[in-house]
Amino acid sequence: MFPRGAALPRGAALPRRAALAALAAVALAACGRRAPEARGGARVVSLSPSTTEAVCAIGAGAALVGRSRHCDHPPEVLRLPSVGGYADPSIEAIIALSPTLVVGARGPAGPALEEALRGHGIATCFPETESLAQIEEMLAELGRRLDAAPGAEQAIARIRARRQEVEQAVKGRPRVRVALLFDTSPIFAAGPGSFADELLRLAGGENAIARGGAYPSISVEHLLALDPDVLLDGTAGADGADGADPTRTQGAPRLAVLRDAPGWRSLRAVREGRVRPLRTDAVLRPGPRIGDGLAEVARALHGDALSLSGAAAAPAARGGGAGLAPSSPAGAP
């Protein structure tokens, strides 16, 4: 995903309680100061894969009535009607589903989309998710809004347990200088201030991309000058032509077919066989599976022999995380 704001610097001298309060205030501002939606009456349209997964993971999947064309997990959501893409959702299609709440990542559509929806009396929630702390707060806020706080707590606990497991597994290992690429034409990479940059650090890596924003576009020549030890290939299915989220992975990795291309074949990581494909889209979605994404990054950097438990989907909370509401508006045939 493209830049959506940066988290507080890790070294900032801010007391823990004050930091948590500030984070909660940011979430409230992003999601609006409205009363929680009643579980039985909520009708939710989700415009990003991460928020669709989040609604299901906290046990509120039965409230979903619409999704973006890129939402594909859990598989049950594919039965829902699509309202467009990450950057080009259809306001008309959304309104036709009579939602009480529209959720999504803070993407290219920007404030204009939120204003249009609110103009039709539809509540919105487009939180920042550029750090693990913000991802956790997004889950907590959706739990409050959808009367699913226990499920949100479970999903957050699972992320924290996975993070602790990974940090323990990589403790004492040499840090690996790495670049994570989302696309190749042009090259988009994970930069400072992104949740992917935080994953690299927590997994025992050192991001070779140290400036240029959260998702900079760089040249092959720049990549050659950076000379990372490892390239993480997150390019499978990247498709900027239709305005899609560049951090989704469906299809074949592009770096696999560029190894003999001019410039690419000169990269040390390519020559020495250290191009590692990311085998799960959990790495690239700032949602409830981000802990499994962190584990995948750690394995890619340090090898499959790293002592980690197997990845699994976030557990559904009581209330039916996988259950989906009928797609037609209330009272429609």
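Since the structure is predicted, the reported quantities are computational estimates derived from the model, not experimental observations.

Peer 1: Would you mind showing me how to read the overall build of the protein chain here?
Peer 2: A count of helices and strands for the protein chain gives 10 helices and 10 strands. Across the 333 residues that make up the protein chain, the buried fraction comes to 53%. At a minimum sequence separation of 6, the contacts of the protein chain that also span at least 24 residues come to 65%. With the model as given, the accessible surface of the protein chain reaches about 13900 Å², and the carbon-plus-sulfur share is 55%.

Peer 1: Even after reading the chapter, I still don't get the pattern of salt bridges, so can you show me in this structure?
Peer 2: Side-chain pairs of opposite charge can arise whenever the charged atoms involved come near each other. One pass over the full model with this rule turns up 22 salt bridges. Its salt-bridge partner being glutamate 53, residue arginine 285 comes within 2.8 Å of it at the nearest N-O pair. Taken together, the residues arginine 285 in the loop between strand S10 (275-277) and helix H10 (290-302) and glutamate 53 in helix H2 (residues 49-57) connect sequence positions 232 residues apart. Residue classification places arginine 285 among the buried positions, given a relative accessible area of 3%. The residue arginine 274 makes a salt bridge to glutamate 272 at a minimum N-O spacing of 2.5 Å. A relative accessible area of 42% means that glutamate 272 is categorised as partly exposed. Several salt bridges share partner residues, and in doing so they unite Glu53, Asp72, Asp281, Arg285 and Arg289 into one network.

Peer 1: What exactly am I supposed to notice about helix H7 (residues 195-202) here?
Peer 2: Quick reminder: α-helices carry 3.6 residues per turn. Residues three or four places apart thus point the same way. Across the 8 residues of H7, 7 count as buried, placing the element largely inside the fold. Buried within H7 we find Phe195, Ala196, Asp197, Glu198, Leu199, Leu200 and Leu202. Residues of H7 that are buried in the fold lie against helix H5 (132-145), helix H6 (149-170), strand S5 (176-184), strand S7 (205-207), strand S9 (230-233) and H10.

Peer 1: Looking at this structure, I do not really get the confidence of the model for the protein chain. What am I missing?
Peer 2: Looking at the protein chain as a whole, its pLDDT mean stands at 80, while 74% of the residues score no less than 70. Every residue in residues 312-322 scores below 50 in pLDDT, and together they form 31 contacts with partners more than four places removed in sequence or on other chains.

Peer 1: For this particular structure, what's the right way to read the environment of valine 170?
Peer 2: With respect to the helices and strands, valine 170 occurs in helix H6. Residue classification places valine 170 among the buried positions, given a relative accessible area of 9%. As for valine 170 and glycine 205, which are separated by 35 residues in sequence, their C-alpha atoms are 9.6 Å apart. Contact partners of valine 170, with chain neighbours within four places excluded, come to Leu202, Ala203, Gly204, Ala298, His302 and Leu306.

Peer 1: In this structure, what is going on with the sheet that holds strand S3 (residues 101-103)? I would like to understand it.
Peer 2: Sheet strands pair by backbone hydrogen bonding; their relative direction is either parallel or antiparallel. Judged by pairing direction, the sheet is parallel, and its 4 strands sit side by side in the order S2-S1-S3-S4 without closing on themselves. A strand with exactly one partner marks an edge of an open sheet, and here the two such strands are strand S2 (64-67) and strand S4 (123-125). For this sheet the average axis-to-axis angle between neighbouring strands, irrespective of direction, equals 20°. Pairing of strand S1 (residues 44-46) with S2, which is carried by 3 bridges, proceeds in the parallel orientation. When the bridges of S2 are listed, serine 46 appears paired with arginine 67. Where H5 meets the sheet, it contacts S3 and S4, and its direction lies at approximately 160° from that of S4.

Basis of the calculations
Residues numbered from 1 in each chain as written. Predicted model: local features only at pLDDT ≥ 70, side-chain atom pairs only at ≥ 80, totals over all residues. Heavy atoms only, no water. Helix = DSSP H or I, 4+ residues; strand = E, 2+ residues; numbered from the N terminus. Buried < 20%, exposed > 50% of the residue type's maximum accessible area, 1.4 Å probe, protein only. Contact = heavy atoms within 4.5 Å. Areas by Shrake-Rupley, 256 points an atom, 1.4 Å probe, with all protein chains shown as cover. Salt bridge = Lys/Arg side-chain N within 4 Å of Asp/Glu carboxyl O. pLDDT = per-residue confidence, 0-100. Pairing = 2+ DSSP bridges. Axes fitted to C-alpha atoms, helices over the stretch in contact; angles between N-to-C directions.

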